[in-house]
Each structure stands twice: as structure tokens, then as C-alpha cells.
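# Reading the structure
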Amino acid sequence: MAHLKEDWIDFGKLEKELDEAVQKDARYWRENDAKFRAVEQRVETYEQFRDIVKAAHIKPLDKKDKIGEGKRNQPWNPYTSKTAGQEHPKQDEFSRKESNNLPKTSHEFIQSWKTLGDAPSEKYHLLTGLGSEQLGHIFRAEIGFGLLGDFMTVLNQQFRGSDCHCIVGILESLSRTNRFGLSVGFLSKPERQDCLELFQKLQEASSCLEKNSTSAFASSETKTKDVLPETRESGKLQPCQIAEEGSDDVQDKLMALRKLYKL
């Protein structure tokens, strides 16, 4: 009896171990094939490569597959079912929703950028909406191939003088990213022209803002010089001087950025 107990084999355990080994082997080859597909597709970032490998187990739907069988209560396009008298959501509501969905990684940004397609105004709002700090964080590793040229084209074509300081901050933040010189080197001739025109517009806009702020502060000074004479005589900077220093700071940044962008 003791001999029989020692020779007893747990076939259930063996079957379980065999199934696990088969699944592990299948997973290995499935992910290996996904890696080769990702290389053939020439993905731009590691995040895209990783996502393709992670999704290797997902199979495409077949014609026979049905999703959500049964009665569909929600219309396919809810806006078509609204009456003409109903008001549409306000623009600021859309803005709040969009601000909550802003990309936080380079992979998310590239997806959003490609989704916008041929919509330069939307791309411009995406860049200025993210701002210099967030863009610098997203592209801290490197700027995706071809993106810097797209940025220059969009910012130049959709330029607004009121966004002067924001755009200068974006250019400065991008210049601090890794391999920035390589990205500049890959700019095409039209993209370099857009970059040059953008810097010219920034130069003009900063000068215009300087004149406007100087005249505004000068007018304010004229009205208040009799009220607070001690302020004018103190060693503190006057408003006009502060405005000029702010403008000079922008001009200095533009000069430094011209060298980094090889203009």
C-alpha cells in the first residue's frame, strides 16, 4: 500500500501545469509577433511600441460578433433628436471639457495631434492651451520626429499677437528638451521659413506691446503724479520702467532662441 501511494500521480496538477506552460508559450510568441509588427510600422515613440505589445492578445471583431444585443435606448447621434428650440451647450462648457481631456504624455499628445488632422486653428489652441510648462513636461525626453516643424507651421499661420508671451515660453520650453538640436536639424526648408516668420512676428508683437504698455503707464503716471509725489521720488521702479524691462526680457529671449533654432 505504501508503495502505491508513493507512485500515485496527480494528473489534475499535471494538466494545470501543462495548460499554464502552453499559455505562457503562446503569450511569448504572440507578443514577439507584436514586437515585429511594431518595428515594421516604424512607431515614433516607445509608448506606442509598448501599447502594441500589450494589446497583442486582442483579436479583431468578426462579422458575426454582436455588441450590446437588445434594444438600444440611446440614439446613435443624440444631437439629431433635439428639437430646434433647444439650446446647445455653451462654448465655455466645451472649453472646460476639452481642458479636462488635454494630453499628459507624448503618446496622448501625438494621438490628439493626429486626430485634429487638417485643423490648424484647433492645433494652435491645443499648443497654447497646454502652455510652455506642460509641453516641456510632455516632451522632456524628446520631441517626436516631424512635430517641431508642425509646431512652427501652426504657430506661424495661426499667430495672435496677444499670445506673444505664451508662444515665446513654448519656444523656450521646447528648446530645453532632449535632442532638440537634432529636431531643428530635421526641419524642412518651408518649416524653417515658418520658423523665421514666426520669430519676426514675435519681434513685432513684443515691440507693439511695449509701446502700448508704455503709453498706458505714462497716462496713468500723469493722472497720479500730484496724488503720490513721494512714490515718484522714491528709488522704486516706475510702471513705465517695469514695462520696458519686461519687453527687453522678451527681446533678449528671442535673440537667444534665434541661435538655438539656428536662424
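For the structure itself, consult the block above.
Only a predicted model underlies this, so the values are computations on that prediction, with no experimental measurement involved.

## Considering helix H7 (residues 147-157)
Since the α-helix turns once every 3.6 residues, residues separated by three or four places project in the same direction. Of all 11 residues that make up H7, 9 are buried, and the element is covered over most of its length. All of the buried residues along H7 are Leu147, Leu148, Gly149, Phe151, Met152, Thr153, Val154, Leu155 and Asn156.

## Overview of the environment of Ala38
The residue Ala38 is located in helix H2 (residues 11-40) in this model. Ala38 sits in the buried class, given a relative accessible area of 1%. C-alpha of Ala38 to C-alpha of Asp51: the two residues are 13 residues apart in sequence and 9.5 Å apart in space. With near-sequence residues (within four places) excluded, Ala38 lies in contact with Val43, Phe49 and Ile52.

## So, the environment of Val154
Turning to its location among the elements, Val154 is positioned in helix H7. On the basis of relative accessible area, Val154 is assigned to the buried category, the value being 7%. The spatial distance from the C-alpha of Val154 to the C-alpha of Glu122 is 9.5 Å, given a sequence separation of 32 residues. Contact partners of Val154, with chain neighbours within four places excluded, come to Trp113, Pro120, Lys123, Tyr124 and Leu127.

## Focus: the nonpolar core
Phe109, Phe151 and Tyr261 are the most contacted members of the largest nonpolar core, which totals 36 residues. Elements represented by at least two residues in this core include exactly helix H5 (106-116), helix H6 (120-138), H7, helix H8 (164-175), helix H9 (180-185), helix H10 (189-224) and helix H12 (239-260). Aside from chain neighbours lying at most four places away, what touches Phe109 is Pro103, Leu126, Leu127, Leu130, Leu135, Ile138, Phe139, Leu147 and Phe151.

## Observations regarding the pattern of salt bridges
Under the counting rule described, the total for this entry stands at 6 salt bridges. In this structure, the salt-bridge partner of Arg176 is Glu172, at a minimum N-O distance of 3.3 Å. Looking at Arg176, the relative accessible area reads 61%, which means it is exposed. The exposure class of Glu172 is partly exposed, given its relative accessible area of 21%. The partner of Asp249 in a salt bridge is Lys253, with the nearest N and O atoms 3.8 Å apart. Here the residue Asp249 and the residue Lys253 both occupy positions in helix H12, the gap between them amounting to 4 residues, near one helical turn. Given a relative accessible area of 38%, Asp249 falls into the partly exposed group. Assessed through its relative accessible area of 30%, Lys253 is described here as partly exposed. Connected through shared salt-bridge partners, Glu172, Arg176, Asp249 and Lys253 make up one network.

## Section: the side chain of Gln251
Relative to the helices and strands, Gln251 is located in helix H12. A distance of 2.4 Å separates a polar atom in the side chain of Gln251 from a polar atom in the side chain of Gln203. Setting aside chain neighbours within four positions, we find Gln251 in contact with Gln203, Ser206 and Ser207.

## Quick word on a negative patch on the surface
Taken together, Asp10, Glu15, Glu17, Asp19 and Glu20 make up a surface patch of like negative charges. Here Glu15 is to be found in helix H2.

## Some details on the packing of aromatic side chains
For the structure on display, the rule yields 10 aromatic pairs. For the ring pair Phe145 and Phe186, a centre distance of 5.5 Å and an interplane angle of 75 degrees mean the geometry is edge-to-face. In this pair, Phe145 sits in the loop between H6 and H7 while Phe186 sits in the loop between H9 and H10, placing the two residues 41 residues apart along the sequence. There is no split in this pair, since Phe145 and Phe186 are both exposed. One aromatic cluster is present, built from ring pairs that chain together Phe109, Trp113, Phe139 and Phe151.

Rules behind the numbers
Residues numbered from 1 in each chain as written. Predicted model: local features only at pLDDT ≥ 70, side-chain atom pairs only at ≥ 80, totals over all residues. Heavy atoms only, no water. Buried < 20%, exposed > 50% of the residue type's maximum accessible area, 1.4 Å probe, protein only. Helix = DSSP H or I, 4+ residues; strand = E, 2+ residues; numbered from the N terminus. Contact = heavy atoms within 4.5 Å. Core = buried A, V, L, I, M, F, W, Y, C linked by side-chain atoms within 4.5 Å. Salt bridge = Lys/Arg side-chain N within 4 Å of Asp/Glu carboxyl O. Polar contact = N/O pair within 3.5 Å; in protein donor to acceptor, adjacent residues only side chain to side chain. Patch = residues over 30% accessible without salt bridge, like charges linked within 9 Å, V, L, I, M, F, W, Y side chains within 5 Å. Areas by Shrake-Rupley, 256 points an atom, 1.4 Å probe, with all protein chains shown as cover. Lys, Arg positive; Asp, Glu negative; His and termini not counted. Charge placed at Lys NZ, Arg CZ, Asp CG, Glu CD. Phe/Tyr/Trp six-rings, centres within 6.5 Å; stacked < 30°, edge-to-face > 60°.

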